[in-house]
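What follows is the residue order along each chain.
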Amino acid sequence: MTAVRSHISEHPPSSDHWLAWIVYSSELGYRYSGDEYWQTFEQATPGWVLNGDRSWIRDCFRRFHRDMGGVVPSGPWAKHFSIICWPITHAILPKDLQRQFARILYELRHSFSKELLESPATLGEFVASRSWNTTSRFRNFAQETRLVGQIAAALLEQGEPGSDSLIHPIALRRIGQDLDRERRAREWLRDARRIASERAQVRGLGMLGRGAPSAIDRPEEAKVEAAALGIEPRLVLRPTDRQRDSWEALLEIPDLSHLLGRFPQMREILTGSRCVVAGGSGRPLARGRCLHGAQRITLTRWPRSDELLLQFEQTDALLEYLLRTDCLLRPGPIWLFRIASDGLAYEVRSVRVRPGERYIVVNTSGPIVSTSHTRSINLQCDGADGALLDLPSAFTADLEETLRNLGVGHAKRIEVWPAGLSAVEWDGEGHGEWLASEQPCLAICVDHPVDGLLVTMGDGLVPPLEFTSITPGVPLFVELPKLPVGLHRVHLSTRLGSGTDNVALGELEVVMRIRESRPWSPGVSPHGPLVVRMEPAEPSLEQMWDGHAEVTIRGPVGRNVASTISLFEREGHRATAEKKFPPMPLPVYAEAWRSHFDRHFRRNKRAESSYDAARFCELTFSADELGEFTLRCERAFAPLRWALRRRQEGYVVRLLDDSGVDGQPKITRFPFETPLNEEEIATAPEFKAPRSGGMYVAKLPQLTAAIIVPPVVQGLEDLGITPTIDLESRSLEAVIRTLAISHLWQRAKLPGEFFSAMRRRDVLLALGDHAMRLLCGDKWARAELAARKRKNGITQLKCAVSRRRDEVAVAIILEKESVDLATKTCRERVASLASFGTRYNLLPTTGPAGETDARWLSELALRIASDVGGVETWAGERLRSGVTQLMELTTFAKGARFLVLSIDSHRLSKARPTELYAGWEWE
């Protein structure tokens, strides 16, 4: 390395030294920890800026591949980082990824199999399929699945015969030594190796008992695979007011992360798409939410038996098939729920009751007739009625008649409960979860004389067991072997008599879900008294800072939770800013946390000055003996990005280009004072921003990066501005350009300085006003301006919506509806406006998609009126046609804007940091 540095300090790199440069750049790749690669490279290599050539490094690696069989980087990451992908890939496993790699191997240890360990390629696919809960750096790295598989196999089999062929022993030893320096990583890797060594001796035991993931040739095969994993949701009822017998219905969605192991092609959909739950209230589930353990979603209406319970924004034919076959409610109309000791009522799929228990019967075809044995309940779910059954210890003829009329059967008692180590979850009715590391043991007891008890498993993993000597009331214990991850059913049946004269007396099916051990999962704390949930599950540093991450904390009411946040510039260094927040009483909801974070950290001067240089933050929640939860948020990593530094005289911005794209990016600046005016700037290593600040934008083919540079504030006169936008003719192109530039302002990177967020909001409000002037005309714009100057301006503005005789009532009705809609979600407002528009002929009654067109146009109008910067991404290719229609439907566009301003007024214009108008935060 010394010789390389000595040569480059005075001369350009020589083709005679190409192999030395391979080693040199790969060594820097090994030390790479998410900081700027080329900046680190330049600092470590004096003379590189003057004599070096980035493309020459890539040419060396291509020669290395051609002459010596070096690896060719692949995947989306390699496409976007076309030069640095080579040295980082050849670094094998950079230091800052090693801990995450060890953790994933530990979490997957119980899914190892002999077949999987014998195939590094499929092992790499398997590891990659579970990288969704890691940092963006690791997810990029995991796209090299073949290399990942080789590293995983080498680490797991280190010291075993043949392991030297996977990675050179010296390189492997170095990685192992670096892992050993961190205690937790050392323990994770040691346990993963131990389990891998045990599993390597047994063929056929592992993922679903089937070995490694493989291609599925027919949908029927995929259905069998998915059924074994257990993705069927179940229903749970929860009391909301016991005195009034009020209950709510919950749909428990299982953890879908197990699908990734068998169907890696679904990773992009399950990690990158939001999900709508049939019958659920509110907005869709956040991206990746279904991969972080079971979720309970409150239902406002009972889903139909033919309705798809989970609908992802993106999908493919195989996922659609699996969801339609295994993710539906079973046919009704009668559902039975047993009230367990925890107060919840769990679904009983056999629809059979037992003496001495309490149940809830739900009917979706009509009300339940009250009898002396039933009591109506208030089930807070449209389309379903419920009644409470409190059963005595013995059945009477009258009670049996009541059960028959309800469509419910009864059986003699077979009681089952977990013995030995406690199950992770047990509902008291035969449905439980165990960890893959445990060996389930069941206790079985019957309360009546029987001649035999038969225990069978539907998947045939355990031979049938038959007991013929049974004493009523005395439990039997059945120990099952360690079962692979997935869903297993144990069937218990009792009989009277022998041979061909058997009479079945009772039966019970135990549903056993085996899941992987999870020592820690981003976004969801371990099940316990302190539960922390994040949306998105893996927020970036920017999302946390800008208020786009929602944090909810649940625990015993009245207890306090303390929070501490620390900012770090480099791995292993001391925090540049650290703040311990005042305790908050549990539970903590998203809005309360956002306000708490903003008040105690985001507006803290030390945090503001440290944020721009920070690479990641650590957020810790602690509630004494209730537990502790730590979250790490890393800065988003992009091939083209801006860095901002504060100096005494102002701010300096520097463009960091790791894309490897030939040619210089186009650099432009947009002032706060004239946000539609684009000023082109000559390319330079860094840019000294004017004291007034503004937005800097860099553009390459298919890549754009923007940053807001705050103004230098020295007095009150520097605090506020009034953006000026030149008047222009009303045209489609003018609207499209306004929306595109608004998108840049909204998406631009926001530094820590608080005034930058204030200035951006002022700009977006001005751009929104301009977009509405272009859509609705100058008269509307003047009416809006006049309304802002009056105390009852919204009431006055309604007169400007339409002066046509047949449309004079439009604004009056919208003003009345806005009172109710102020408490509704954006999705509900879209539906209401679409219905209103078609009812009063403000929208076309026909179109390519009928009602769907009306809803889409309604949402487009409301988004332009309330969130001008987010419209372009949401509308996509339909933007031009949609804007064209709205320019013709001016009364409807005015009505949408009027509704936005009315709701903002009802909510006293108290907009969140992520909103332009109060109550208008879109997904």
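Everything numeric in this text was worked out from a predicted model, so none of it was measured.

Caption draft 1: Region of interest: the overall build of the chain. A tally of helices and strands in the chain yields 32 helices and 35 strands. For the chain, long-range pairs separated by at least 24 residues make up 66% of all intrachain contacts whose partners lie at least 6 apart in sequence. A total of about 41,300 Å² of accessible surface is found on the chain, and carbon and sulfur atoms cover 50% of it.

Caption draft 2: View of the nonpolar core. Counting 74 residues, the largest nonpolar core has Met695, Leu739, Trp745, Leu860, Leu862, Ile864 and Val883 as the members making the most contacts within it. Setting aside chain neighbours within four positions, we find Val883 in contact with Leu732, Val735, Ile736, Leu739, Leu775, Leu860 and Ile864. In this structure, Trp132, Trp247, Leu285 and Leu299 belong to the second largest nonpolar core, which totals 45 residues.

Caption draft 3: Structural context of the sheet that holds strand E19 (residues 476–479). In spatial order, the strands read E13-E16-E19; together these three strands make up an open sheet with antiparallel pairing. Both outer strands of the open sheet, strand E13 (414–418) and E19, are each paired with one neighbouring strand and no more. Here the strands of the sheet are splayed against their neighbours by 25° on average, with no regard to which way each runs. Relative to E19, strand E16 (residues 441–446) runs antiparallel, the two sharing four bridges. Note that in E19 the partner of Ile444 across the bridge is Leu476.

Caption draft 4: View of the side chain of His743. Structurally, His743 can be placed in helix H23 (residues 732–747). Polar contacts involving the side chain of His743 include one to the side chain of Thr873, which spans 3.4 Å. Other than its neighbours up to four places away in sequence, His743 contacts Gly869, Glu872 and Thr873.

Caption draft 5: A look at the pattern of salt bridges. A complete count under the given rule lists 45 salt bridges for this structure. Among the ionic pairs, Glu921 bridges to Arg594, the shortest N-O distance being 3.7 Å. Here Glu921 is found in the segment after helix H32 (890–906), whereas its partner Arg594 is found in helix H21 (residues 590–602), with 327 residues between them in sequence. Classification of Arg594 by relative accessible area gives buried; the value is 8%. Taken together, the shared-partner salt bridges connect Glu550, Glu591, Arg594, Arg912 and Glu921 into one network.

Caption draft 6: Structural detail: the pairing of strand E11 (residues 385–390). Here six bridges tie strand E9 (residues 358–363) to E11, and the two strands are oriented antiparallel to one another. Paired with Val362 across the strands is Gly386, a residue of E11. In the sheet, strand E10 (residues 374–379) pairs with E11 via four bridges, with the strands oriented antiparallel. Residue pairing in the sheet places Ser376 in a bridge with Ala387 of E11.

Caption draft 7: Quick peek at the sheet that holds strand E33 (residues 687–688). Taken together, three strands build an open sheet; the order of strands is E29-E30-E33 and the sheet is antiparallel. Pairing within the sheet leaves two strands with one partner each, and these edge strands are strand E29 (640–647) and E33. Bridge count for E29 against strand E30 (residues 650–657) is eight bridges, and the pairing is antiparallel. Its bridge partner lying in E30, Arg645 is registered against Val652.

Caption draft 8: Just the pairing of strand E6 (residues 334–339), in detail. Among the six residues in E6, six count as buried, and that is most of the element. The sheet contact formed by E6 and E9 spans five bridges and is antiparallel. Residue pairing across strands places Phe337 opposite Ile360, the latter belonging to E9. Bridge count between E6 and strand E7 (residues 345–347): three bridges; the pairing is antiparallel. Across the sheet, Ile339 pairs through a bridge with Ala345, a residue of E7. Between E6 and the antiparallel strand that follows it, E7, lie five residues; Gly343 among them carries a positive phi value of about 90°.

Caption draft 9: Just helix H27 (residues 810–821), in detail. For H27, spanning 12 residues, the distance from its first C-alpha to its last is 16 Å, which sits close to the expected 16 Å at 1.5 Å a residue. All buried positions along H27 are accounted for by Val810, Ala811, Leu814, Ser818 and Leu821. Around the axis of H27, the buried residues are gathered within 75° of arc, so they sit on the same side. Along H27, exposed side chains directed more than 90 degrees from the buried face belong to Lys816 and Val819.

Caption draft 10: Highlighting the packing of helix H24 (residues 754–776) against helix H25 (residues 778–788). In contact at an axis separation of 7 Å, H24 and H25 are set at 140° when each is read in the N-to-C sense. Taken as axis vectors, H24 and H25 run oblique relative to one another. Note on element contacts: H25 touches H24 through Asp778, Trp780, Ala781, Glu784 and Arg788, opposite Asp769, Met772, Arg773 and Cys776.

Caption draft 11: A look at the packing of aromatic side chains. By the definition in use, this model includes 33 aromatic pairs. Centre to centre, the rings of Trp21 and Trp48 are 5.6 Å apart; their planes meet at 45°, and the pair counts as tilted. Pair noted here: Trp21 is in helix H2 (residues 18–31) and Trp48 is in helix H4 (residues 48–51), with a separation of 27 residues, a long-range link. Like Trp48, Trp21 is buried. Clustering of aromatic rings is evident, with ring pairs tying together Trp545, Phe581, Trp593, Phe597, Phe601, Tyr611, Phe621 and Phe629. Looking at Arg878, its charged tip hangs above the ring of Trp856, at a distance of 4.0 Å from the centre.

Caption draft 12: Layout of the confidence of the model for the chain. Put simply, the chain has an average pLDDT of 83, and 89% of its residues get 70 or more. When mean pLDDT is taken per element in the chain, H23 scores highest with 96 and helix H15 (residues 219–229) scores lowest with 60. Predicted confidence for residues 203–217 stays below pLDDT 50, and this span has 47 contacts to residues more than four positions away or in other chains. Counted against residues more than four places away or in other chains, residues 519–527, with its pLDDT under 50, gives 28 contacts.

Caption draft 13: Broad picture of the packing of H23 against H24. Here H23 crosses H24 at 165°, and the two axes come no closer than 10 Å. By the criterion of interaxial angle, the relationship of H23 to H24 is roughly antiparallel. The chirality of how H23 crosses H24 is left-handed. Two secondary-structure elements touch here, H23 through Ala734, Val735, Thr738, Leu739, Ser742, Trp745 and Gln746 and H24 through Arg760, Val763, Leu764, Leu767, His770, Ala771 and Leu774. Here the residues of the contact of H23 with H24 sort into nine nonpolar, four polar and one charged.

Caption draft 14: Representation of unusual backbone geometry within the structure. Along the chain, Leu586 connects to Pro587 via a cis peptide bond; the corresponding omega equals -5°. Summarising the element assignment, Pro587 is placed in the loop between strand E26 (584–585) and H21. In this structure, Gln702 takes a positive phi of about 70° despite not being glycine. For Gln702, the location among the structural elements is in the loop between strand E34 (694–700) and strand E35 (703–709). For Gln702, a relative accessible area of 76% puts it in the exposed group. The residue Ser909 is not glycine, and still its phi comes out positive at about 55°. Looking at the element boundaries, Ser909 is found in the segment after H32.

Reading the values: rules and limits
Residues numbered from 1 in each chain as written. Predicted model: local features only at pLDDT ≥ 70, side-chain atom pairs only at ≥ 80, totals over all residues. Heavy atoms only, no water. Helix = DSSP H or I, 4+ residues; strand = E, 2+ residues; numbered from the N terminus. Contact = heavy atoms within 4.5 Å. Areas by Shrake-Rupley, 256 points an atom, 1.4 Å probe, with all protein chains shown as cover. Core = buried A, V, L, I, M, F, W, Y, C linked by side-chain atoms within 4.5 Å. Buried < 20%, exposed > 50% of the residue type's maximum accessible area, 1.4 Å probe, protein only. Pairing = 2+ DSSP bridges. Axes fitted to C-alpha atoms, helices over the stretch in contact; angles between N-to-C directions. Polar contact = N/O pair within 3.5 Å; in protein donor to acceptor, adjacent residues only side chain to side chain. Salt bridge = Lys/Arg side-chain N within 4 Å of Asp/Glu carboxyl O. Expected span 1.5 Å × (residues − 1). Arc of directions from axis to C-beta. Parallel < 35°, antiparallel > 145°, perpendicular 65-115°, else oblique. Phe/Tyr/Trp six-rings, centres within 6.5 Å; stacked < 30°, edge-to-face > 60°. Lys NZ or Arg CZ within 6 Å of the ring centre and 35° of its normal. pLDDT = per-residue confidence, 0-100. Left-handed = near helix turned anticlockwise from the far one by under 90°. Nonpolar A, V, L, I, M, F, W, Y, C, P; charged D, E, K, R; others polar.

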